[in-house]
Each structure stands twice: as C-alpha cells, then as structure tokens.
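# Descriptive structure summary
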Amino acid sequence: CGSEGGRAPLGPTVVLDQRLRGGEMVPESNALSVLVYPRHGRTLVFPGHLAHGVLESPNTQDVRQTLLVNWWAAQPQAVERVTRAQVAAH
C-alpha cells in the first residue's frame, strides 16, 4: 500500500472543497485540500460531491487496491458500464 523497501509511496487521494456544477468548479478556487496517502487498513471518508481523485506516483511496482462504497439518495441514471477492454486500455 504505502512505500515498501525504499520505493516511492503510492499516489495520495486528494479531496478539494470544490464541486462540479454545470461543468464548472465551484468555488472557482479551492481554499482547502486534503492529501491522504494509502496505507494498509486506512479508511478515508468524505462527502462524495466534493472534487476528489488519486494523484500520480513514480511507484510503478506496488499495486493500489481500494474499496469504494457510495450511499446514494437516488439511484444514478444513464450510467454506462465500463468494459474490460476500456479498463485494460488505461
């Protein structure tokens, strides 16, 4: 999960105090961001409407595994499934 044997750590998850609304980030500039590096057994909980993602890492030897759980007030509509070929292409 994190760095092993002197290797670089895996990329952190970043959470910003912004959200995407109508194709624009609101507010325009973030005032707060949080970086959380992966570690075995670590849990990160945050409101899913906030902008978030995983930053790159020079570590290409370790595998990052995550479990994502979403609680939705309403089931998302018009969501397309990703094929294995699309996943493999990235």
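For every chain, the first residue of the written sequence is number 1, and numbering continues from 1 along that sequence. Since the coordinates come from a predicted model, pLDDT governs what is reported: local features require at least 70, and pairs of side-chain atoms require 80 or more to be given and counted, while whole-chain, interface and lining totals use all residues. Only heavy atoms go into the side-chain values, all of them from the structure, while hydrogens and water stay out.

### Side note on the sheet that holds strand β5 (residues 52-54)
In sheet architecture, strand pairing relies on hydrogen bonds along the backbone and comes in two forms, parallel and antiparallel. Two strands make a pair as long as DSSP finds a minimum of two bridges between them. A run of H or I in DSSP counts as a helix once it spans at least four residues, and a run of E counts as a strand once it spans at least two, with each numbered from the N terminus. Read from one edge of the open sheet, 3 strands run β4-β1-β5, paired in antiparallel fashion. This sheet does not close on itself; its edge strands, each paired only once, are β4 (33-36) and β5. Averaged over all pairs of adjacent strands, the angle between their axes in this sheet comes to 15 degrees, without regard to strand direction. Inspection of the sheet shows strand β1 (residues 13-16) paired to β5 by 3 bridges, in the antiparallel sense. Looking across to β5, one finds that valine 15 is bridged to histidine 52. A fitted line through C-alpha atoms serves as each axis, taken over the contacting stretch for helices, and the angle formed by two N-to-C directions is quoted from 0 to 180°.

### Quick notes on a nonpolar patch on the surface
Here, patches come from residues exposed beyond 30% relative accessible area and free of salt bridges, joined within 9 Å for like charges and within 5 Å for nonpolar side chains (Val, Leu, Ile, Met, Phe, Trp, Tyr). Using a 1.4 Å probe, accessible areas were evaluated by the Shrake-Rupley method; residue-level cover was limited to the displayed protein chains. When a carboxyl oxygen of Asp or Glu is within 4 Å of a side-chain nitrogen of Lys or Arg, the pair counts as a salt bridge. Taken together, the side chains of Leu35, Tyr37 and Leu55 define a hydrophobic patch exposed on the protein surface, amounting to about 270 Å² of accessible area. Positionally, tyrosine 37 belongs in the loop between β4 and β5.

### Examining the side chain of aspartate 62
Relative to the helices and strands, aspartate 62 is located in the loop between β5 and α1 (84-89). On the basis of relative accessible area, aspartate 62 is assigned to the buried category, the value being 17%. We call two N or O atoms a polar contact when they sit within 3.5 Å, provided that within protein one can donate a hydrogen and the other can accept it, with sequence-adjacent residues counted only if both atoms are side-chain atoms. Separated by 2.8 Å, the side chains of aspartate 62 and asparagine 59 make a polar contact. Using a 1.4 Å probe on the protein chains alone, a residue whose accessible area is under 20% of its type maximum counts as buried, one over 50% counts as exposed, and one in between counts as partly exposed.

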